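Here's the letter readout for the chains.
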Amino acid sequence: MSDSLKHYLPEEVPDHLFTQSRLSRMGLAPTAEHVAYVIYPEQRQQFKLFDISATRKRKQQKGFSLVQKDATVEQILAERKRELEVRKIQLEGNPK
């Protein structure tokens, strides 16, 4: 990993950084490049993180989508907290 950007484990991600899919669920689009990564070592995956202060409201698309586009920051952070609790249980039950 020669990238100079910061890499966070899921439980370390600051509350102002979100993945592009989470921003999209809040109806936001990034206006700047990603500022960090969140890494999931057990899955060997990483995702770009964007600062919420560098976003804009998405234009409303016509048509039908099953994806929620009006989530609030608080809802997304509560969701993140629940996911971390599940992740902790899974990792404890599956030691390496």
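Each value, and the rule that gives it
- Residues numbered from 1 in each chain as written.
- Predicted model: local features only at pLDDT ≥ 70, side-chain atom pairs only at ≥ 80, totals over all residues.
- Heavy atoms only, no water.
- Pairing = 2+ DSSP bridges.
- Helix = DSSP H or I, 4+ residues; strand = E, 2+ residues; numbered from the N terminus.
- Contact = heavy atoms within 4.5 Å.
- Core = buried A, V, L, I, M, F, W, Y, C linked by side-chain atoms within 4.5 Å.
- Buried < 20%, exposed > 50% of the residue type's maximum accessible area, 1.4 Å probe, protein only.

Remarks on the sheet that holds strand β4 (residues 36-40)
- The strand order β1-β4-β5-β2 describes an open sheet built from 4 strands, whose pairing is mixed. In this open sheet, the two strands that pair with only one neighbour each are β1 (6-8) and β2 (17-18).
- Where β1 meets β4, 3 bridges bridge the pair, whose relative direction is parallel. Bridge pairing links Lys-6 to Ala-36 in β4.

Concerning the environment of Thr-31
- For Thr-31, the location among the structural elements is in the loop between β3 (28-30) and β4.
- Setting aside residues up to four positions removed in sequence, Thr-31 forms contacts with Ala-54, Thr-55 and Arg-56.

Quick look at the nonpolar core
- Among the nonpolar cores identified, the biggest contains 7 residues, and these are Phe-18, Leu-23, Met-26, Leu-28, Phe-50, Ala-71 and Ile-76.
- Among residues more than four places away in sequence, those in contact with Ala-71 are Arg-25, Met-26 and Ile-76.
- Within the second largest apolar cluster, 6 residues are counted, among which are Tyr-8, Val-13, Leu-17 and Val-38.

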